[in-house]
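Observations on chain architecture
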Amino acid sequence: MKITVYAISKNEEKFAARWVKSMAEADHICVLDTGSADGTVEILADLGVIVRREEIDPWRFDVARNRSMELIPEDTDICVCTDLDEVFRPGWRAALERAWRPGTEQLRYSYIWSFDEHGRPGTEFIQEKIHAPGVFRWVHPVHEVLERTDGAASWPVAEVPEIVLEHHPDHGKSRGGYLRLLELSVRERPNDDRNAHYLGREYMFHRRWDEAIAQLQRHLTLPTATWAAERSASMRFISRCYLAKGDQPEAMRWALRAVAEAPELRESWVQAEEAAYAGEDWPAAAFFGGKAVAVTKKSGCYINEERAWGAYPWDAMAYALYRLGDLEGAAAATERALELEPGNERLRGNMKFYRGDRGDKG
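Please read these numbers as outputs of a predicted model, since none were measured by experiment.

Parameters and conventions
Along each chain, residue indices are assigned from 1 in the same order as the chain's sequence is written. This being a predicted model, a pLDDT of at least 70 is required before a residue's local features are given, and a value of 80 or more before pairs of side-chain atoms are given or counted; all residues contribute to the totals for chains, interfaces and linings. Only hydrogens and water are set aside when side-chain values are computed; all heavy atoms of the structure are taken into account. In what follows, salt bridge is the name for a side-chain nitrogen of Lys or Arg lying within 4 Å of a carboxyl oxygen of Asp or Glu. Under the scheme used here, helices are H or I runs from DSSP no shorter than 4 residues and strands are E runs no shorter than 2 residues, and both carry numbers assigned from the N terminus. For each residue, the accessible area found with a 1.4 Å probe, counting protein chains only, is set against the maximum for its type, and the residue is called buried under 20%, exposed over 50%, and partly exposed in between. Nonpolar core, defined: a set of buried Ala, Val, Leu, Ile, Met, Phe, Trp, Tyr and Cys residues in which side-chain atoms within 4.5 Å join the residues together. Contact criterion: two residues are considered in contact whenever any of their non-hydrogen atoms come within 4.5 Å of each other. Classification of ring pairs uses Phe, Tyr and Trp, with its six-membered ring standing for Trp, and accepts pairs whose centres are within 6.5 Å; under 30 degrees between planes counts as stacked, over 60 as edge-to-face, and the remaining range as tilted. Strands pair, by our definition, only if DSSP identifies at least two bridges between them. Between N-to-C directions, angles cover 0 to 180 degrees, with each direction set by a line fitted to C-alpha atoms, over the stretch in contact for helices.

1. A look at the pattern of salt bridges
Under the defined criterion, the tally for this structure stands at 30 salt bridges. Taking the shortest distance from any N to any O, the salt bridge between D83 and R65 comes out at 2.9 Å. Of the two residues, D83 sits in the loop between β4 (78-81) and β5 (86-88) while R65 sits in helix α3 (residues 61-69), which places them 18 residues apart along the sequence. Overall, D83 belongs to the buried group, its relative accessible area being 19%. Among the charged side chains, a network of salt bridges with common partners joins R52, E54, R67 and E70.

Here is the structure:
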């Protein structure tokens, strides 16, 4: 069984050697470099990687990835697409070989998108960029995905969560081009619900609240927008935009819709908690916070949000309980928050206050 890892790169010299070491369990490693001005190409070539230079103009991620697929050797049985700021945990090849049965055409695995300050996984979900050769192509200018070349509606897929790919990015790298590419993506496929959701989220990241609200609401009207988790995410993003605009009642209305759409998601309850907190509705904030932390299992899809699984739900609930006169409950909630952020001095000060030291509380 021959396994090929393929990738695209541009100015990744700080990650190149680490990436090659992580991918070394493969038989072949191929990279399409799209215009590095640093030592990326030289480092990769010196480490035995098959490298080709080609500038993509106008830039599109799908075009670049499809060009990179052209480097995959003909004897390849399994293709593995990664980026240079990602690393596999050791042993990934053996797990892949055990799971890949005759006829398998795609494989899902665990992907850790972010880590908190203590090195614990933050946002994590199932990824599916391991595939058979010759039956897939990449589509969409950004947030690109694999699409069948034969139009098949279903195919054999294996799922191996013990294969773990970690993302360790350069946080100083700009993502400024994403918005333009997402707008292009939506123009090309206006009825694609995933693109609509991503564009609305990107407008929110850019603090373009009204455009975000309009786009996310459009996402919810699309006939194919049936995935409850993503619909709930659009609803809570709309809630977040209304909070930013100072419209707390409308923010609460959309937060409640998010909860109704996907009550199994902690993120939905946290958004309702945040909206209640903004309105100083302390009974509701305490209630929604309690419902949030009662959800103890992440969904496994990309809409997980690191903040929902950190100290915030416990911290906000603690203050709500304090305002309701429940100092014991406030202290207990703060203790749980401190387990997640042990170095947070504000939380330590709050704990002293709730336990009886009536100095300033933050």
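Having seen the structure, we can now continue with the description.
2. Overview of the nonpolar core
Ranked by size, the top nonpolar core spans 76 residues in total, and within it Y6, W19, V80, W92, L96, L107 and I163 carry the most contacts. For this core, the element with the highest residue contribution is helix α8 (residues 228-244), accounting for 8 residues. Once you skip the residues sitting within four places of it in the chain, L107 turns out to touch L96, A99, W100, Q127, E128, K129, I130, A158, V160 and I163. In this structure, M252, W314, L321 and A331 belong to the second largest nonpolar core, which totals 36 residues.

3. What about the packing of aromatic side chains?
Applying the stated criterion across every chain yields a total of 19 aromatic pairs. Note on Y111 and W113: the rings are 6.4 Å apart at their centroids and 50 degrees apart in plane angle, and the pair reads as tilted. Given the relative accessible area of 4%, Y111 is considered buried. Judged by its relative accessible area of 41%, W113 is partly exposed. Measuring from centroid to centroid gives 6.1 Å for W269 and F288, while their planes differ by 35 degrees, and the two rings are tilted.

4. As for the pairing of strand β8 (residues 136-139)
Pairing geometry for β8 and strand β9 (residues 145-148), over 4 bridges, is antiparallel. Bridge pairing in β9 places W138 opposite L146. Hairpin connection between β8 and β9: a loop of 5 residues separates the two successive antiparallel strands, and H140 in this loop has a positive phi of roughly 90 degrees.

5. Regarding the sheet that holds strand β6 (residues 106-112)
Across the sheet, 8 strands lie side by side as β3-β2-β1-β4-β7-β6-β10-β5; this open sheet has mixed pairing. Looking along the sheet, the strands with just one partner apiece sit at the ends: β3 (50-53) and β5. Each adjacent strand pair in this sheet contributes to an overall mean axis angle of 30 degrees, direction not counted. Contacts from helix α1 (residues 13-23) reach β1 (3-9), β2 (28-33), β5 and β10 (157-167) within the one sheet, and its direction differs from that of β5 by about 25 degrees. Against the sheet, helix α4 (residues 92-99) makes contact with β1, β4, β5, β6, β7 (124-131) and β10, and its axis sits at roughly 170 degrees relative to β10, the strand it touches most.

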